[in-house]
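Commentary on secondary and tertiary structure
Single-letter residue listing:
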Amino acid sequence: MPVSPEPMVSEPLPRALIVMGVSGSGKSTVGEALAERLGWPYEDADAYHPEANVAKMSAGQPLTDDDRWPWLRAIAAEIDRVIAGGGSIVFGCSALKRAYRDILVHGRDDIRIVFLDGSRELIGGRMAARKNHFMPAGLLDSQFATLERPGPEERPIIASIGAPVEAIVDAIVGQLPTSISD
């Protein structure tokens, strides 16, 4: 008796995309352009930091995990609120460690990580050119030291940041289930 093939499991359409990477990788720029392309709202995770975290980073001090847990839970709650209301959202968030992404995704299949991948040299050059941002370029080394690249079990969408923004967005959309980009 012939064995029938296993049914194909289709990838669920994401309802939330978390655009992650170190400071200066383009989370806000790419996230906003991606949200515009998809017709979804964009939120910057930086807006969810308590004032104490912003003051600490502005003083050149890296955040501890204890500083981050309430911030990450607030972002996850906002994602859940948007999805429960029938919406979709793109969030820009550093999400450098797997434990942070686990809080943000919390086992949901409809939340995907988008990793903006770039070299220390490229990102350092971009940060040196930025004005009026609370994250000083001197903390970039600590960001790269903290970064845990997403593994395949996280189903990340990986985009190289060495291209123009529109090409990066094209690369991300091209990795989404086809029905979302049609």
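Note: the structure precedes this text.
How each quantity is defined
Within each chain, residue numbers correspond to sequence positions counted from 1 in written order. Selection of residues for local features in this predicted model requires a pLDDT of at least 70, selection of side-chain atom pairs for listing and counting requires 80 or more, and totals for whole chains, interfaces and linings are taken over all residues. Working from all heavy atoms in the structure, the side-chain values ignore hydrogens and water. Helix numbering and strand numbering both begin at the N terminus, where a helix is a DSSP run of H or I of at least 4 residues and a strand a DSSP run of E of at least 2. Partly exposed residues are those whose accessible area sits between 20% and 50% of the maximum for their type, while under 20% is buried and over 50% is exposed, using a 1.4 Å probe and protein chains only. In what follows, a contact means two residues having at least one pair of non-hydrogen atoms within 4.5 Å. DSSP-based pairing: two strands are paired if at least 2 bridges between them are found. Every axis in this analysis is a line fitted to C-alpha atoms, fitted for helices over the stretch in contact. Angles between the N-to-C directions lie between 0 and 180 degrees. By this rule, a helix spans an expected 1.5 Å times one less than how many residues it contains. Working note: the arc is built from the helix axis to C-beta atom directions. What counts as a ring pair is set by centres within 6.5 Å for rings of Phe, Tyr and Trp (its six-membered ring), and what kind of pair is set by the plane angle: stacked under 30 degrees, edge-to-face over 60, tilted for all other angles. For this analysis, a salt bridge means a side-chain nitrogen from Lys or Arg found within 4 Å of a carboxyl oxygen belonging to Asp or Glu.

Before going further, it helps to examine unusual backbone geometry. You will see that Ala95, though not glycine, has its phi angle at about 45 degrees, which is positive. Inspection of the secondary structure puts Ala95 in the loop between β3 (89–92) and α4 (98–105). The class for Ala95 is buried, based on a relative accessible area of 1%.

Examined against the element boundaries, Val30 turns out to sit in helix α1 (residues 27–38). When the C-alpha atoms of Val30 and Ile161 are compared, they prove to be 9.1 Å apart, with 131 residues separating the residues in sequence. In this structure Val30 touches Leu116, Val165, Ile168, Val169 and Ile172, once residues within four positions along its chain are discounted.

This part covers the sheet that holds strand β4 (residues 111–117). On the basis of which strands lie adjacent, the open sheet formed by five strands has the order β2-β3-β1-β4-β5 and parallel pairing. Pairing within the sheet leaves two strands with one partner each, and these edge strands are β2 (42–44) and β5 (157–160). Across the sheet, the mean angle separating the axes of adjacent strands is 20 degrees when strand polarity is ignored. For β2 and β3, the ladder comprises three bridges, and the chain directions are parallel. Across the sheet, Tyr42 pairs through a bridge with Val90, a residue of β3. The strands touched by α4 within the sheet are β1 (16–20) and β4, with β4 carrying the most contacts at an inclination of about 145 degrees.

Now for helix α3 (residues 65–84). The terminal C-alpha atoms of α3 lie 28 Å apart, and with 20 residues this matches the ideal 28 Å at 1.5 Å per residue to within 8%. Among the residues of α3, Asp67, Arg68, Trp71, Leu72, Ile75, Ala76, Glu78, Ile79, Val82 and Ile83 are the ones counted as buried. Buried residues of α3, viewed axially, fall in a sector of 160 degrees; they line one side. Projecting away from the buried face of α3 at angles above 90 degrees are the exposed residues Asp66, Arg81 and Ala84. Buried residues belonging to α3 abut β1, α2 (51–58), β3, α4 and β4. Downstream of α3 by one or two residues, Gly86 has phi in the positive range, about 90 degrees.

Turning our attention to the packing of aromatic side chains. Using the criterion set out here, one finds two aromatic pairs in the structure. A centroid spacing of 5.6 Å and a plane angle of 75 degrees characterise the contact between Trp69 and Tyr100, whose relative ring orientation is edge-to-face. Taken together, the positions of Trp69 in helix α3 and Tyr100 in helix α4 put the pair 31 residues apart, joining distant regions of the chain. Residue Trp69 is classed as partly exposed on the basis of its relative accessible area, which comes to 22%. Given the relative accessible area of 2%, Tyr100 is considered buried.

The subject of this paragraph is the pattern of salt bridges. For the structure shown, the criterion picks out 14 salt bridges. When the shortest N-O distance is used, the salt bridge between Lys56 and Asp67 registers 2.7 Å. Residue Lys56 is found in helix α2, and its partner Asp67 is found in helix α3; the two are separated by eleven residues along the sequence. For Asp67, a relative accessible area of 19% puts it in the buried group. Asp102 is the partner of Arg98 in a salt bridge, and the nearest nitrogen-oxygen pair spans 2.9 Å.

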